Every structure is written in structure tokens, then in C-alpha cells.
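Secondary and tertiary structure notes
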Amino acid sequence: MKFTIEAICTGTARPFNGAEASAIVKRPRKGVVQLLDEGFATDAQADRRVHGGSEKAVHLYPLDHHAVWRSELEDQAALALLDEPGAFGSNLSVAGVTEDDVHIGDRFRLGGAVIELNQPRQPCWKVDHRFGVKGMTARIVETGRSGWYFRVLETGDVEAGDTLERIEVGHVAWSAARVFTALIRGKATKAELEELAELPRLSPQIQAKAIKKLDQKLG
């Protein structure tokens, strides 16, 4: 599994929805960008309680989904945003791969770095506000078009045109799509929650979510 990186996008925190700040607006970078333990150099997150950090170092939102959104949206301003590779706040723009194709624990060589997929992305209200279309976040939950996060195993230099190549397959039973359905859409069985609670390479925060849901099922 090998793909070309069409763009590397980073952003800075700026006013968003009035007084609140956000770095969801990501722009393509030219030249070499250094990938550090907590993400690409100069990429910012306004609310570090829920964004960024080593477990959400790199976000990939499949470019394939942009085409699907074009068939669903009518607002011209929203459609124009889909031409931007970082429209959903993603760092990596890649075509030809979706949540069904990758698994928790998959490891990839990204330019001079090595990264590991550790969780699907849980969308928030900022997607609706970014596009100016109510219901987009709910639609992401409904369809599973979420994208995913990587942790960084080896830092290194990366630039657009480099290759994202899978060098190790993780938990083949747990695609990013299946984890999203189980935990974000809330469709997990008791057995699935038990497995996710102890799944190696899964983000600790997502493991904790599985444990909480399991406790709720057990009463």
C-alpha cells in the first residue's frame, strides 16, 4: 500500500465563531516540513484539551471523501472549500485510501518519518461552522467519513510528493471504520468493547472510552 502525499497542511490558531479560536483552517506548505513528536513544525491547535498532542500528531482526511461531499452539498461557498486539501483540518492530503482500508496499528513510512495509525477522528461542531452548513458533523458520524490520526514513531522531514507507504499491518480485524462505528456511532457489542479496551496500539483515550462504555453496559 503506497500513496503520494498531495499536500502537507498546517495552520495557526485564529478567531473562529466569534471570540473562540481554532486552527481548523490548514493551508498547504511548500518545501520540506519537519515532523516532530507532536506533529508538523509550526502546526497549531487552539484547544489542547481535545486536539493535538502525541496521540493526535497527524490527521489525514481522505481526498476521496471530498468528491462525495461535492455530490451532497449545494452551498457554493462550502463547495469551494472542498478544493482546499486541508478543508477538514487535516494535515495530510492523500487519494485512494479510506477508513475501510487501514487498521489500528498500521505503520507507515512518511518521507523520512515513521507514523502509526492509532484512532479514527471524532468530528466536532467546528466542521459545521467551517463550511457554514448545519448537519455536516452529524453526517460524518452517520457515514463514517471521519479520517484518522497517527502518532509519530520516528521524526523526520516530509514534503508534498513524498510517499506514504504502509510498512507494517496492524490489527486487521479493526479497521479505522470499524472502530468509528463501534465507539463513535455507539454500535459496539460487549465483546467488542472488551477487545477495544485492551487493544494494543489503540490510543489510550479511545481505550478509556471503550472501558467507560463497557462499564455502562455492565451497569
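Let us look at the structure shown here. Just so it is clear, the model here is predicted, and its values are computed rather than measured.

Focus: the nonpolar core
In summary, soluble globular proteins display a tendency toward joint burial of nonpolar side chains. Residues L35, F40, L92, L110, I115, F150 and L196 are the most contacted members of the largest nonpolar core, which totals 38 residues. Contributing elements (two or more residues each) for this core: β6 (33–36), β8 (58–60), β10 (107–110), β11 (113–120), β12 (148–154), α5 (176–184), α6 (190–196) and α7 (204–218). Among the elements that make up this core, the one with the highest residue count is α5 (four residues). Apart from residues no more than four positions distant in its own chain, L35 is found in contact with F40, V58, L110, A113, I115, V152, T155, G156 and V158.

Some points on helix α1 (residues 63–72)
Because an α-helix packs 3.6 residues into every turn, residues spaced three or four apart end up facing the same way. Among the residues making up α1, those that are buried are L63, H65, H66 and W69. Take α1 and look down its axis: the buried residues cluster within an arc of 135°, on one side only. Against β9 (92–93) and α4 (136–143) lie the buried residues of α1.

Focus on the environment of V152
Mapped onto the fold, V152 is located in strand β12. Residues V152 and G39 lie 113 residues apart in sequence; the distance between their C-alpha atoms is 7.6 Å. In this structure V152 touches L35, L36, D37, S54, A57, V58, V114 and I115, once residues within four positions along its chain are discounted.

About the criteria used
Residues numbered from 1 in each chain as written. Predicted model: local features only at pLDDT ≥ 70, side-chain atom pairs only at ≥ 80, totals over all residues. Heavy atoms only, no water. Core = buried A, V, L, I, M, F, W, Y, C linked by side-chain atoms within 4.5 Å. Buried < 20%, exposed > 50% of the residue type's maximum accessible area, 1.4 Å probe, protein only. Helix = DSSP H or I, 4+ residues; strand = E, 2+ residues; numbered from the N terminus. Contact = heavy atoms within 4.5 Å. Arc of directions from axis to C-beta.

Fair warning: the whole summary comes from geometry, so function is off the table for now.
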